[in-house]
Amino acid sequence: MQTNRFYKVCICIAVVSLSLGVQAQPSHSPQWEKDGYHYYQSQGGQIAELDIRNPQQSKIIVSKAMLTPAGKDAIKPRRFSFSADGKEVLINANTRRVWRYDTRGDYWVYNLATKTLKQLGAGKPESSLMFAKFSPDGSKVAYVSEHNLYVEDLTTGSIKPLTTDGTKRLINGTFDWAYEEEFDCRDGFRWSPDGRHIAYWQIDASKIKNYLMLNTTDSTYSFTVPVEYPVAGEDPSSCKVGVVDVSTAQTRWMQVPGDAVQHYIPRMQWAENNNELILQQLNRAQNESKLFICNTSNGTAHAIYTEQDKAWVDAMDNEYWQWLAGGKKFIWLSDKDGWKHIYTVDRDGNEQLITKGNYDVVSVELVDEAGGQIYFIASPDNATQRYLYSIKLNGGTAKRISPASEPGTHEYAISPTGKYARHSFSNAYTPDIDEVISLPDHKHLSGDEITVDINNTEKKNRPEFFKVKTIDGVEMDGWMMKPDNFDPHKKYPVVFYVYGEPAVTTADDEYGAGQNRLYNGDMAADGYVYISMDNRGSPAPKGREWRKAISKNIGILNIRDQAMAAREVLKWPFIDSTRTAVWGWSGGGSSTLNLLFQYPDIYKTGIAVAAVGWQLSYDNIYQERYMGVPTDDAGRAPFIKGSPVTYAKNLRGNLLYIHGTGDDNVHYKNAEMLINELVKYNRQFQLMSYPNRTHGISEGQGTTQHLRTLFTQYLKEHCPPGGR
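Just so it is clear, the structure is predicted and the values come from calculations on it, not from any experiment.

1. Focus on the sheet that holds strand β31 (residues 399–400)
Then comes step 1: Strand order in the open sheet formed by four strands is β28-β29-β30-β31, with antiparallel pairing between adjacent strands. Each edge of the open sheet carries a strand with a single partner, namely β28 (361–368) and β31.
Then comes step 2: Alignment of β28 against strand β29 (residues 373–378), held across six bridges, turns out to be antiparallel. Counterpart to Val 361 in the pairing with β29 is Ala 378.

The structure is reproduced here in C-alpha cells:
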C-alpha cells in the first residue's frame, strides 16, 4: 500500500497499487555527464547526447545500426547506462515484468572505441538478467539471474557465479514480493568503489506461506499460481547482508544485531569507502530505526543513530545516502521534531538540524556541496502544491526558488553541478510544461515558456480548490470540478473520489485534478460535481501529527474524516444529498466500502475496485507498519475494527464491487470474504470479476474499455447526472 508508489488513480486509469508509490519505477531523470552540462537520452531507439544549454541540438552517440546484431533486428533500448569513462554503454532490452515493473530482461554492451556489440549472460535464460551494472573501472558487469549473482569479464567473456545457493525462495541480489511492494526494494547489490567486492542482500523466503491464485482460463485444466506472501501477523522473510569478494567468490556476512526474521533492512550502501557499509534496520513493528556502520573485513556492525516513534519510522526516502565532507557525514530526513526536516548526521551519530520551522521537506532534490546549497521540495503555505527551495548547507533561512507567478506543482531534474535543471510545471488548469532553467536564478533558457492564466481569463471550467472544516475541527484540503454551465440555483449529484491511506494524496494542484479517466465521457459536461479531499493520515506536508494520526486507525479515523467532510459538503446549496456517490481503487476501494457501510446516511452509491476487505489478509510490511503487529486478540482488534467486512451488514445503498482474480497484491480472497458477508445478510450488490487480471485490471483485450463502460453505466444508473 505504499505509490509513488505506482500511479494515482485520480489521474491514471487502472494501473494502481494498494500501496501506490514512487521510487520503485526506474528513474526518468536524465543521465548526466560529470560536467553537469551534458546528458544522455533515448531518442527513437537510439541514444543521444544533449547539452542542457542548448537541448534542441543533439548528437547520436549510439545509433540503430550500432544496436543491430548480425542477422537480427536492432535491439530496442528500454534503459541504459554508461561506464565511468564513457567508452561503453550497457543496454537493457527485451524486458519482462517482475510483479510491478519490467526489471528483468537481456543486456548488451556496446563499446564505442571498438564499435562492437556483445550480449551478456551467455547460456542464461532469455530475459532473465536483472540490474546489470558496470564495475567502477568498466572492465566487468555484475548482474542477477534466477536469484544468483554473477560477474562477467568484458574482455574475456568469462562468467563467474558469485553465489550458487539461489533458489525460488533463497534470493540473492534482489528481493521477495513484500520487500519489493512495500519498501521499493528491487536492485539488491552494490559494487564497492574499488570494484573488488560487491555488497548484496539475501532474502530467505523459504518459510513464507504461498497464496495460491487460481488460473482457470489459460489451459484446459486450471492450475495454481503461488505467490510467497506474508500476511499481517505472519513472520516476514529472513534478511541479511553479505559482501562477496569478486576474485574468490567468498561471502562474509555482516553481523547485524537482532533476529534476522524480526527486522527489516530496507536500505544499504557502501559508506563512501572500500571497507564499510551503512545500512538502515527497522524492527518488525517499524517504530524503531537504527543506522549501522559495518566493517566489511570482519563483519562487525555498530549502531550510530537510533530513532523511535510511537507510530512508525519510514524507510529512508532515497535509495542511496548523500554524503558530505568526504564521507564524514550524510543527509538525513526525519519528522522527530514534529515536521519533516533535513539533518546532517556524522559517523558518531551527532546530528545538526538544517531546515527549521513549521513546514515539511517533501524531498531532497540535490546536495550541491561545492555551491554550499541543498535544493529541496516543500510547500509551507499550501499543502496541495510543491515548490523548489534552497538552503545553505549549515542551515539558515530557506529561500523559495520556484517563481511566485507559477502556483501549482513543480518538479526538477537538477544537474550535478547545481547550475541547470530540467523543470516541469503544471497545475489543475495548466497542462505539463517543460523547460530548461538556470539555478539559482530560475531563469528560462529553452523549452516551452510557462504562462499561467491565474485570473482565468479564458473562462474555461477548471477545478476549484477549497478547505472544509469538520465537526471534529479537522480542516481538509480538496478540489471540486463543477458541471459545465453551472447553475447555482440547481442541485447536482456529487461524486467523491477517495484514497485515504498513507500512500498518496489526491487533492493535489496538478494537471489531472478534477478528471476521472474511469469515466467514459465528461463528468462536468454530463452534470456531476466531482470532489476529492485529503484526510488525516494522507502524506500531505502538514506535519507529523497529521500524517501519523492514522496509526492503528486505518478504516476508522480516515473514514470519519472523509464522512464528516462530506457531511459539510452536502450542506452546500447546489449539492443534491439524495444523489451522492463515492469511488476508489485499492486503498481507495477499501475506503469506499467503509464509507458506504459505516455512513449509509451520507453515501448512496459506491464503486469499489480491488479493495482490501479484511486487513488481516494484507501483507505484513504495510499493514503492520500502520496498524501494529497483531500477535494477540488485542493486537488484531484494530485490524478488524477497520475492515469493511466488519460493517458489510450495514449496506443500504448501491454497491458495484470490482476485482481481478489474478491480483497478487490484494488477493481475490478479499472479494470472496466480502461477498460471503453480504450474502449472509441478504445485502444485494453488483459484482464484476475480471479473470486473471492483476491489481491494475489492465491485461486482456478490451479490458480497459469494458471497465470504463461498466463504471460509467453503473454511476449514471444509480447516481443520475444533471441539475434539478
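2. Structural notes on the nonpolar core
Then comes step 1: Phe 496, Ile 531, Met 533, Phe 597 and Tyr 603 are the most contacted members of the largest nonpolar core, which has 45 residues in total.
Then comes step 2: At six residues, the largest contribution of residues to this core is made by helix α4 (residues 557–569).
Then comes step 3: Listed in part, the 43 residues of the second largest apolar core include Trp 177, Tyr 179, Phe 183 and Tyr 626.

3. Considerations on the pattern of salt bridges
Then comes step 1: One pass over the full model with this rule turns up 35 salt bridges.
Then comes step 2: Salt-bridge contacts for Lys 340 lead to Asp 317; the nearest nitrogen and oxygen are separated by 2.8 Å. Pair noted here: Lys 340 is in the loop between β25 (329–334) and β26 (341–346) and Asp 317 is in the loop between β23 (301–308) and β24 (323–324), with a separation of 23 residues, a long-range link.
Then comes step 3: Asp 317 sits in the partly exposed class, given a relative accessible area of 23%.
Then comes step 4: Of the charged contacts, one joins Lys 467 and Asp 477 as a salt bridge, the two residues approaching to 2.6 Å between their closest N and O atoms. Separated by ten residues along the polypeptide, Lys 467 in strand β36 (residues 464–469) and Asp 477 in strand β37 (residues 475–481) bring together distant segments of the chain.
Then comes step 5: Ionic contacts of the salt-bridge type, sharing partners, join the residues Asp 309, Asp 335, Asp 360, Arg 544, Glu 545, Arg 547 and Lys 548 into one network.

4. Brief notes about the environment of His 659
Then comes step 1: Note that His 659 resides in strand β42 (residues 654–660).
Then comes step 2: The spacing of His 659 and Ser 334 is 325 residues in sequence and 37 Å in space, taken between C-alpha atoms.
Then comes step 3: Beyond its immediate chain neighbours, meaning those up to four positions away, His 659 contacts Ala 610, Ala 611, Val 666, His 667, Tyr 668, Asn 670, Ala 671, Met 688, Ser 689, Tyr 690 and Ile 697.
Then comes step 4: Within the structure, His 659 has its side chain in polar contact with the side chain of Asp 663 (distance 3.4 Å).

5. Quick notes on the sheet that holds strand β33 (residues 420–427)
Strand pairing in a sheet is mediated by backbone hydrogen bonds. Such pairs are either parallel or antiparallel.
Then comes step 1: Across the sheet, four strands lie side by side as β32-β33-β34-β35; this open sheet has antiparallel pairing. Edge positions in the sheet fall to β32 (409–414) and β35 (443–447), since each has one partner strand and no second. In this sheet, neighbouring strand axes are inclined to one another by 35° on average, regardless of whether the strands run parallel or antiparallel.
Then comes step 2: Bridge count for β33 against strand β34 (residues 430–438) is seven bridges, and the pairing is antiparallel. By the bridge assignment, Ala 421 is partnered in β34 with Ile 437.

6. Let's talk about the domain arrangement of the chain
Then comes step 1: As assigned here, the chain comprises domain 1 (32–161), domain 2 (170–321), domain 3 (346–446) and domain 4 (464–718).
Then comes step 2: Of note, the centres of domain 1 and domain 3, computed from C-alpha atoms alone, are 31 Å apart.
Then comes step 3: Each partner contributes residues to the interface: domain 1 has eleven residues there, and domain 3 has eleven residues.
Then comes step 4: Summed over both sides, the interface between domain 1 and domain 3 buries roughly 840 Å², with carbon and sulfur atoms accounting for 66% of that surface.
Then comes step 5: The three residues of domain 1 that bury the most area against domain 3 are Trp 32, Tyr 37 and Ile 52, which together make up 51% of that side's buried surface.
Then comes step 6: For the pair domain 1 and domain 3, the interface holds zero salt bridges.

What counts, and at which threshold
Throughout this document, residue positions are counted from 1 along each chain, in the order its sequence is written. Reporting of local features is limited, given that this is a predicted model, to residues whose pLDDT is at least 70; pairs of side-chain atoms are given and counted only at 80 or more, and all residues count toward the totals for whole chains, interfaces and linings. Where side-chain values are given, they derive from all heavy atoms of the structure, hydrogens and water being excluded. Pairing between strands requires that DSSP locate at least two bridges from one strand to the other. Helix numbers and strand numbers start at the N terminus; a helix is a DSSP run of H or I with at least 4 residues, a strand a run of E with at least 2. Only buried residues count toward a nonpolar core. Its members are Ala, Val, Leu, Ile, Met, Phe, Trp, Tyr and Cys residues joined through side-chain atoms within 4.5 Å. Think of it in three bands: with a 1.4 Å probe and only protein chains considered, a residue is buried below 20% of the maximum accessible area for its type, exposed above 50%, and partly exposed in between. By convention in these notes, a salt bridge is any Lys or Arg side-chain nitrogen within 4 Å of a carboxyl oxygen on Asp or Glu. Pairs of residues are marked as contacts when any of their non-hydrogen atoms sit within 4.5 Å. The definition of a polar contact used here is a pair of N or O atoms within 3.5 Å, where within protein one atom must be able to donate a hydrogen and the other to accept one, and adjacent residues in sequence count solely through side-chain atom pairs. Every angle, taken between N-to-C directions, lies between 0 and 180 degrees, and every axis is a line fitted to C-alpha atoms, over only the stretch in contact when it is a helix. Note that domain bounds follow an automatic or database assignment of domains. Buried surface area refers to the total accessible area, computed with a probe of radius 1.4 Å, that the two partners give up upon joining, counted for both partners together.

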